[in-house]
Amino acid sequence: MIVLALDTSTWWASVAVVADGDVLAAERERASGSHAIELLPLVERTLAAAGVALAAVDAVAVTRGPGSFTGLRVGLSTAKGLAYATGARLVAVPTLEALARSVVGATGTVLVLLDARKGELYAGRFAADGAGGLRRSEADRLVTIEAVTATLPERGVVVGDAGEAYGDELRRHAGPHLLLCEVAALAPVAIAVARLAAMRLAAGEADETMAVEPEYIRLSEAELGAVSA
């Protein structure tokens, strides 16, 4: 089974082609403008590097959130279009879990933090056993940096893009056994997206191509305007 996976939930876009668990190709680049402009060329390059035609793809996997509102919309709409055009199955997976699974060899807590702007972060907490096992400790949620620093684990890894805005504050509160890791230091997140999708497909799960929607956690500006109106 060949899975084409996409992640555009942060400024780093990644694409991977994985066949029966083997990574055929994976590419990553930081957006210089909009993912809408750069994502499809990245898909084309990754497929070419893998030696796989788009028509041969069995499933298209994508992160569904939380993350950048615009990034999630671009990634999901692109994945929907590719799945619809090829007849491939569509599988959407949680962004924060994909990021957590991108950390190799972690033990203890894997705390995933993405900058949600407005002084808030998207947070997901997982427990890792060092041998690839990972279980969710709590549901993804929207938190303040103060709430994060008050509950940092003693041992483990903090991963995500929150370090760009809050790195100094996180380092002030982190103990000696807590590693801070940026997205760019990981393998392309799309690899973990593909593997999560393969797990869902093996369980007989997939998403209805045109029905799946992003999971923002926080209301968009348009939704906030509608609520206040």
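Residues numbered from 1 in each chain as written. Predicted model: local features only at pLDDT ≥ 70, side-chain atom pairs only at ≥ 80, totals over all residues. Heavy atoms only, no water.

1. Things to note about the packing of helix H1 (residues 35-50) against helix H2 (residues 69-86)
Now for step 1: For the pair H1 and H2, the least separation of the axes is 10 Å and the interaxial angle reads 40 degrees. The pairing of H1 with H2 is recorded here as oblique in orientation. H1 and H2 meet at a crossing whose hand is right-handed. Residues His 35, Ala 36, Leu 39, Leu 40 and Val 43 of H1 form the contact with H2, whose participating residues are Gly 71, Val 74, Gly 75, Thr 78 and Leu 82.
Now for step 2: When the residues that make up the contact of H1 with H2 are grouped by side-chain class, the tally is six nonpolar, four polar and no charged. (Axes fitted to C-alpha atoms, helices over the stretch in contact; angles between N-to-C directions. Helix = DSSP H or I, 4+ residues; strand = E, 2+ residues; numbered from the N terminus. Parallel < 35°, antiparallel > 145°, perpendicular 65-115°, else oblique. Left-handed = near helix turned anticlockwise from the far one by under 90°. Contact = heavy atoms within 4.5 Å. Nonpolar A, V, L, I, M, F, W, Y, C, P; charged D, E, K, R; others polar.)

2. Topic: the packing of aromatic side chains
Now for step 1: Overall, the coordinates contain one aromatic pair when judged by the stated rule.
Now for step 2: Sitting above the plane of the Trp 12 ring, Arg 28 keeps its charged end 5.6 Å from the centroid. (Phe/Tyr/Trp six-rings, centres within 6.5 Å; stacked < 30°, edge-to-face > 60°. Lys NZ or Arg CZ within 6 Å of the ring centre and 35° of its normal.)

3. Brief notes about the sheet that holds strand E3 (residues 22-30)
Now for step 1: The five strands are arranged E3-E2-E1-E4-E5 in an open sheet whose pairing can be described as mixed. Strands with a single pairing partner mark the edges of an open sheet, and in this sheet they are E3 and strand E5 (89-93). Pairwise comparison of adjacent strand axes, ignoring direction, gives a mean angle of 15 degrees for this sheet.
Now for step 2: In the sheet, strand E2 (residues 12-19) pairs with E3 via eight bridges, with the strands oriented antiparallel. By the bridge assignment for E3, Ser 14 is matched with Arg 28.
Now for step 3: The strands that H2 touches are strand E1 (2-7), strand E4 (59-63) and E5; relative to E4, the one it contacts most, it runs at about 170 degrees.
Now for step 4: Together, E1, E2, E3, E4 and E5 form the strand contacts of helix H6 (residues 189-202), whose direction differs from that of E1 by roughly 130 degrees. (Pairing = 2+ DSSP bridges.)

4. So, the pairing of strand E10 (residues 178-182)
Now for step 1: Judged from the five bridges that link them, strand E9 (residues 156-160) and E10 form a sheet pairing that is parallel. Counterpart to Val 159 in the pairing with E10 is Cys 181.
Now for step 2: Handedness of the crossover joining E9 and E10 through helix H5 (residues 163-173): right-handed. (Right-handed = clockwise from strand over helix to strand, strands pointing away.)

5. A look at the side chain of Asp 161
Now for step 1: Position of Asp 161 among the secondary structure elements: in the loop between E9 and H5.
Now for step 2: Despite its burial, Asp 161 pairs with no opposite charge; the closest candidate is Arg 117, at 5.5 Å N-O.
Now for step 3: For Asp 161, the side chain forms a polar contact with the main-chain nitrogen of Asp 115, separated by 2.7 Å.
Now for step 4: Filtering out sequence-adjacent residues up to four positions away, Asp 161 remains in contact with Thr 10, Leu 113, Leu 114, Asp 115, Glu 182 and Val 183. (Buried < 20%, exposed > 50% of the residue type's maximum accessible area, 1.4 Å probe, protein only. Lys, Arg positive; Asp, Glu negative; His and termini not counted. Salt bridge = Lys/Arg side-chain N within 4 Å of Asp/Glu carboxyl O. Polar contact = N/O pair within 3.5 Å; in protein donor to acceptor, adjacent residues only side chain to side chain.)

6. Observations regarding the nonpolar core
Now for step 1: One finds Leu 99, Val 110, Val 112 and Val 159 to be the most contacted residues of the largest nonpolar core, which totals 39 residues.
Now for step 2: Among the elements that line this core, the one with the most residues is H6, at nine residues.
Now for step 3: Listed in part, the 26 residues of the second largest apolar core include Leu 4, Ala 13, Leu 39 and Leu 76. (Core = buried A, V, L, I, M, F, W, Y, C linked by side-chain atoms within 4.5 Å.)

7. Thoughts on the confidence of the model for the protein chain
Low pLDDT marks regions whose predicted coordinates should not be analysed in detail.
Now for step 1: Confidence in the prediction for the protein chain averages 93 pLDDT; 95% of positions are at 70 or higher.
Now for step 2: In the predicted structure, residues 221-229 sits below a pLDDT of 50 and forms four contacts with residues beyond four places in sequence or in another chain. (pLDDT = per-residue confidence, 0-100.)

8. Section: H6
Now for step 1: Taking 1.5 Å per residue, 14 residues should reach 20 Å; H6 reaches 20 Å between its end C-alpha atoms and fits that length.
Now for step 2: Most of H6 is tucked away, with 10 of its 14 residues classed as buried.
Now for step 3: Of the residues making up H6, those classed as buried are Val 189, Ala 190, Ile 191, Ala 192, Val 193, Ala 194, Leu 196, Ala 197, Arg 200 and Leu 201.
Now for step 4: Buried residues along H6 sit in contact with E1, E2, E3, E4, E5 and helix H3 (95-101).
Now for step 5: Backbone geometry just downstream of H6 places Gly 204 in the positive-phi region, at approximately 80 degrees. (Expected span 1.5 Å × (residues − 1).)

9. Quick look at the pairing of E9
Now for step 1: Of all the five residues making up E9, five are buried; the element is thus mostly covered by neighbouring parts of the structure.
Now for step 2: The alternating pattern of E9 places Gly 156, Val 158 and Gly 160 on one face and Val 157 and Val 159 on the opposite face, and all of these are buried.
Now for step 3: Across four bridges, the pairing between strand E6 (residues 107-117) and E9 is parallel. Bridging across to E9, Val 110 finds its partner in Val 157.

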